[in-house]
Amino acid sequence: MTIAAERMINGVNQERKLVTNLPGPHSLALLARKENAVSSGVGIGLPVFITKAGGGILVDADGNSLIDMGSGIAVTTVGNANPEVASRVVEQVANFTHTCFMVTPYAGYVEVCEALNELTPGDHDKRSALFNSGAEAVENAVKIARAFTGRQAVVVVEHGYHGRTNLTMGMTAKNMPYKHSFGPFAPEIYRVPVSYPFHDGPHTGTEVADWAISRMEKEVGAENIAAIVVEPILGEGGFIVPAPGYFKAVADFAQANGIVFVADEIQSGFARTGDWFASEFEGVVPDLITTAKGIAGGMPLAAVTGRAEIMDSVHAGGLGGTYGGNPVACAAALGSIAWMKENNARQIAKDIEAIMLPRLADMQINHPTIGDIRGRGAMIAIELVKPGTMEPDAARTAALNKYCHQHGVVTLTAGTYGNVFRFLPPLTMPVALLEEALGILEAAFEATA
Ligand code: PLZ
């Protein structure tokens, strides 16, 4: 086992400890101020205000220590305030904070692009460009694919999630809370079936890929498609792992038709699933890959990486933005990537899977509401149904989430039907804390039965 066993990480005692009800009085006071100061459109999962974090623990304003099973939505893969990230950020921030790479450049940006070109699948000639958020990376992947192909159509899949900007809202499948009342959305976005093994009955991955391909041919026309954008494991959609063959068949169709195949690895990337990138599991080499979240240990950074001839097809000056590849975020990314290499992050993710999957399978025996257990590495989920049916149980999912929150475990839900409970622990999660969190989940099943 390579998972952390220390009691103290980054000055944070690796112990769940509740000294008040959650949220405690300091958090409640801050929440009242939040309600007066922050748009109510910005929601909060668990309103405990965080003051310090590290390893597998978040400490709140009342001195409660909570187990972090979400990593800030798959971001702090190397742990919160990982010293390797924090020290490089401190050094960079003291030297200079910003120049704008397009005005006067700096080495960190180039070094992050070199690392991305090395770590992403395929040994062809690659280039990268850096941005601030996942949505911005997806937008730019579409811009690049359109410039390269001279085509307009963008194909996405059911249950897909790509962001909250206008284009990426249109590319996202789920209405609430992402799209409702925010249209009209950008044109030329087409949605095709995705392999969802738990719901596909007897249909195989390649069969569903055939339906998707037929839809593209008949409804869009392959020669009109600039890009197909797919998450190799669908994140917000509920950690849907397409059946073997689906992802590959769609990628092969893209290749055969001059379509740019874009893997959105913003949630699944950077060692999260036990490979550097989830595409590798099926041996798919995407033309372009979008990354963000886990790339920089919590600093905002995103990227598009891909085939040199595609990335270089854009006119000079066509890609950029004031902050894209900010030097502090680049320093954080270099620290995060160094930590992942030095600590064999991919193996840690596999170790976490090896603890979680059998434990969840045990729970399923007594709790048949667990209809499906899926995911890879440190990206694991359960889908909850009314026992013996396929009917989604969003109410039970919410009740479980609430129980975990009240007992000091920060958990997240997901899924188009709101019935997926997902786990994204940081790779610095000590084994004992991971097991404790699973114990609380089991108690949550009993308490909400
Ligand atoms: N593509 C695959 O998972 C972000 C969204 C949280 P940004 N997922 C978390 C929320 O409710 O806004 C995501 C993703 C995939 C793109 C994105 C978008 O990344 O950095 O949030 O823009």
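Here is a short report on the structure shown in this document. Only a predicted model underlies this, so the values are computations on that prediction, with no experimental measurement involved.

**What about the nonpolar core?**
And step 1. Counting residues in each nonpolar core, the largest one holds 90 residues, and the members touching the most others are Leu 360 and Ile 382.
And step 2. Split by domain, this core shows at least three residues from each of two domains, domain 1 (8-75 + 344-447) and domain 2 (85-342).
And step 3. Residues in contact with Leu 360, not counting those within four places in the same chain, are Ile 370, Ile 373, Ile 380, Ile 382, Phe 423, Leu 438 and Leu 441.
And step 4. With 31 residues, the next largest nonpolar core counts Val 157, Ile 213, Ile 225 and Leu 234 among its residues.

**Considerations on empty space enclosed by the protein**
And step 1. A complete count under the given rule lists 3 cavities of 30 Å³ or more for this structure.
And step 2. Considering only enclosed or pocket space, the largest cavity measures out at about 50 Å³ in volume.
And step 3. Grouping the constituent residues of the lining of the largest cavity by class yields 2 nonpolar, 5 polar and 2 charged.

**Here we look at the pairing of strand 7 (residues 153-157)**
And step 1. Here strand 7 lies mainly inside the structure; 5 of its 5 residues are buried.
And step 2. Here strand 7 shows no split at all, with Ala 153, Val 155 and Val 157 on one side and Val 154 and Val 156 on the other all buried.
And step 3. Bridge count between strand 7 and strand 9 (residues 225-230): 3 bridges; the pairing is parallel. Looking across to strand 9, one finds that Val 155 is bridged to Ile 228.
And step 4. Two elements, strand 7 and strand 8 (residues 189-192), share 4 bridges in a ladder whose sense is parallel. If you follow Val 154 over to strand 8, its bridge partner there is Ile 189.
And step 5. Read from strand 7 through helix 6 (residues 166-171) to strand 8, the crossover connection turns out right-handed.

**Topic: the site of the ligand**
And step 1. Taken together, 15 residues are adjacent to the ligand, and Gly 134, Ala 135, Arg 164, Asp 264 and Gln 267 come closest.
And step 2. A distance of 2.7 Å separates an oxygen atom of the ligand from a polar side-chain atom of Arg 164.
And step 3. Here a nitrogen atom of the ligand sits 3.1 Å away from a polar atom, N or O, in the side chain of Lys 293.
And step 4. With the chains in place, 82% of the 510 Å² that the ligand exposes on its own is no longer accessible.
And step 5. When its residues are assigned to classes, the shell around the ligand shows 5 nonpolar, 5 polar and 5 charged.

What counts and what doesn't
Residues numbered from 1 in each chain as written. Predicted model: local features only at pLDDT ≥ 70, side-chain atom pairs only at ≥ 80, totals over all residues. Heavy atoms only, no water. Core = buried A, V, L, I, M, F, W, Y, C linked by side-chain atoms within 4.5 Å. Buried < 20%, exposed > 50% of the residue type's maximum accessible area, 1.4 Å probe, protein only. Domains from an automatic or database assignment. Contact = heavy atoms within 4.5 Å. 1 Å grid on protein atoms, 1.4 Å probe; cavity = no way out; pocket = protein on both sides within 12 Å on 5 of 7 lines; lining within 4 Å. Points joined across faces, edges and corners; volume = space filled by probe spheres on them. Nonpolar A, V, L, I, M, F, W, Y, C, P; charged D, E, K, R; others polar. Helix = DSSP H or I, 4+ residues; strand = E, 2+ residues; numbered from the N terminus. Pairing = 2+ DSSP bridges. Right-handed = clockwise from strand over helix to strand, strands pointing away. Near = heavy atom within 4 Å. Polar contact = N/O pair within 3.5 Å; in protein donor to acceptor, adjacent residues only side chain to side chain. Areas by Shrake-Rupley, 256 points an atom, 1.4 Å probe, with all protein chains shown as cover.

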